[in-house]
Amino acid sequence: MLLVVYSHIQFFGYQDTTGMNEIFIKFRMPLFFFISGWVLYKKDRDWNNKTALTFLFTKFKVQIISTLIFFFLYIYIFHVDILSAIDHNKSGYWFTYTLFAYFIFYVVSIRISRLLKAMINEDIIVLTLTLAIIGFHYYTIHDDDLHHQRIYSIIGIPQWKYYAFFVFGTMVRKFYKTFVSITDNPWLMAICVSTFILIYIFNPLSSSITFSFCILGFLGVVIVFTVFRIHEEWFTANKNISRWMQYIGRHTLDIYLLHYFFLPRNLEMIGVYFKDNSNATIELFFSISIALMVIGVCLLVSKVLCISPLLAKLLFGKK
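Rules behind the numbers
Residues numbered from 1 in each chain as written. Predicted model: local features only at pLDDT ≥ 70, side-chain atom pairs only at ≥ 80, totals over all residues. Heavy atoms only, no water. Disulfide = S-S within 2.5 Å. Buried < 20%, exposed > 50% of the residue type's maximum accessible area, 1.4 Å probe, protein only. Patch = residues over 30% accessible without salt bridge, like charges linked within 9 Å, V, L, I, M, F, W, Y side chains within 5 Å. Areas by Shrake-Rupley, 256 points an atom, 1.4 Å probe, with all protein chains shown as cover. Salt bridge = Lys/Arg side-chain N within 4 Å of Asp/Glu carboxyl O. Helix = DSSP H or I, 4+ residues; strand = E, 2+ residues; numbered from the N terminus. pLDDT = per-residue confidence, 0-100. 1 Å grid on protein atoms, 1.4 Å probe; cavity = no way out; pocket = protein on both sides within 12 Å on 5 of 7 lines; lining within 4 Å. Points joined across faces, edges and corners; volume = space filled by probe spheres on them. Nonpolar A, V, L, I, M, F, W, Y, C, P; charged D, E, K, R; others polar. Contact = heavy atoms within 4.5 Å.

Draft legend 1. How the structure looks around the state of the cysteines. Evaluated as defined, the whole model comprises zero disulfides. Looking at the unpaired cysteine 214, the closest cysteine sulfur is the one in cysteine 192, lying at 15 Å. On the basis of relative accessible area, cysteine 214 is assigned to the partly exposed category, the value being 24%.

Draft legend 2. Up close: a nonpolar patch on the surface. On the surface, a cluster of nonpolar side chains totalling about 700 Å² of accessible area is made up of Phe60, Ile65, Leu68, Ile69, Phe72, Ile82, Leu83, Leu311 and Leu314. It is helix H4 (residues 49-77) that provides the largest number of residues to the nonpolar patch, a total of five residues. Following the sequence through the fold, isoleucine 82 ends up in helix H5 (residues 82-87).

Draft legend 3. Structural context of the confidence of the model for the chain. Mean pLDDT over the chain: 88, with 97% of residues reaching 70 or higher. Between the elements of the chain, mean pLDDT differs from a low of 76, seen in helix H13 (residues 232-237), to a high of 96, seen in helix H9 (residues 163-174).

Draft legend 4. Highlighting empty space enclosed by the protein. Following the criterion strictly, the structure yields one cavity of 30 Å³ or more and no others. Its volume calculated, the largest cavity comes out at about 50 Å³. Every residue along the wall of the largest cavity is listed here: Tyr41, Tyr106, Ile110, Glu122, Asp123, Val126, Thr170, Met171 and Lys174. Among the elements of the structure, helix H6 (95-115), helix H7 (122-141) and H9 are those that each provide at least two residues to the lining of the largest cavity. Grouping the amino acids of the lining of the largest cavity by side-chain chemistry returns five nonpolar, one polar and three charged.

Draft legend 5. Seen up close, the side chain of serine 36. Residue position: serine 36 is located in helix H3 (residues 28-40). Other than its neighbours up to four places away in sequence, serine 36 contacts Phe95, Leu99 and Phe166.

Draft legend 6. How the structure looks around the pattern of salt bridges. One pass over the full model with this rule turns up five salt bridges. Linking aspartate 254 and lysine 318 is a salt bridge whose minimum nitrogen-to-oxygen distance equals 3.2 Å. Of this pair, aspartate 254 sits in helix H15 (residues 252-259) while lysine 318 sits in the segment after helix H18 (309-316), placing them 64 residues apart in sequence. A relative accessible area of 24% means that lysine 318 is categorised as partly exposed. Linked through salt bridges whose partners overlap, the residues forming this network are Arg114, Glu122, Asp123 and Lys174.

If you want it as structure tokens, here you go:
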């Protein structure tokens, strides 16, 4: 969540992307969807019809209804053309919309696997449908019909490319011990880190943006997840940092829905300065500081709004 706000500080404030964000952008959203898949998977959950429908209805209220409230409020306050907003990344509110689509894809995959469990393994069904969804997404990229492209954009198909990372999160959670044993191999992690750096610097896959996106995304997710897993005791020992990060983590939805209203939008000169005087360390420190202030404001506003149980439930899905 911190990386998302940091990125939007640059996009909305600097009107450009500079410094470390060029690296973070390679794995930020893949990591976000990976975590979403990780959180979703529950070993003992029985995806019967009742459970599936109840789950999707609950998620619809949070991912769609709550988001629509903030979306329409945003376009009203900032005078955004509604047709343009719907057609172009939903004015930033595409994540929850896309995540709800992923929930549907995943639940349908599990339900199909339950019907065919005597013949085909559940994981094979999930992975097969994942490949089909990703394949359809990349098929639409090569459709030159502008009318079709607008329909694809409204539906949200351009964001379906992240579904593989969502499923990867569920698989890692399901086969966690195996994943840990594999990533504990120092040679493997050395290869992952070296490959990520080499691809990023030399970009040998420039002729295949799709392939480069997938490789850097998966490598970035594995590296970041493993770093936090290996050093989890440090976060436990540093209880203040741990509590702070967990608090932000528990209020990710609140921050995501609110932060667009509090992003600074008049920092173009700072963006030009960092672009002309490249210093990744100073830029990172400065931008992260602003991002933390925005997050702090979002958490404060969330606290105030949640004084009302009705608003807490309607806006953020809190019980």
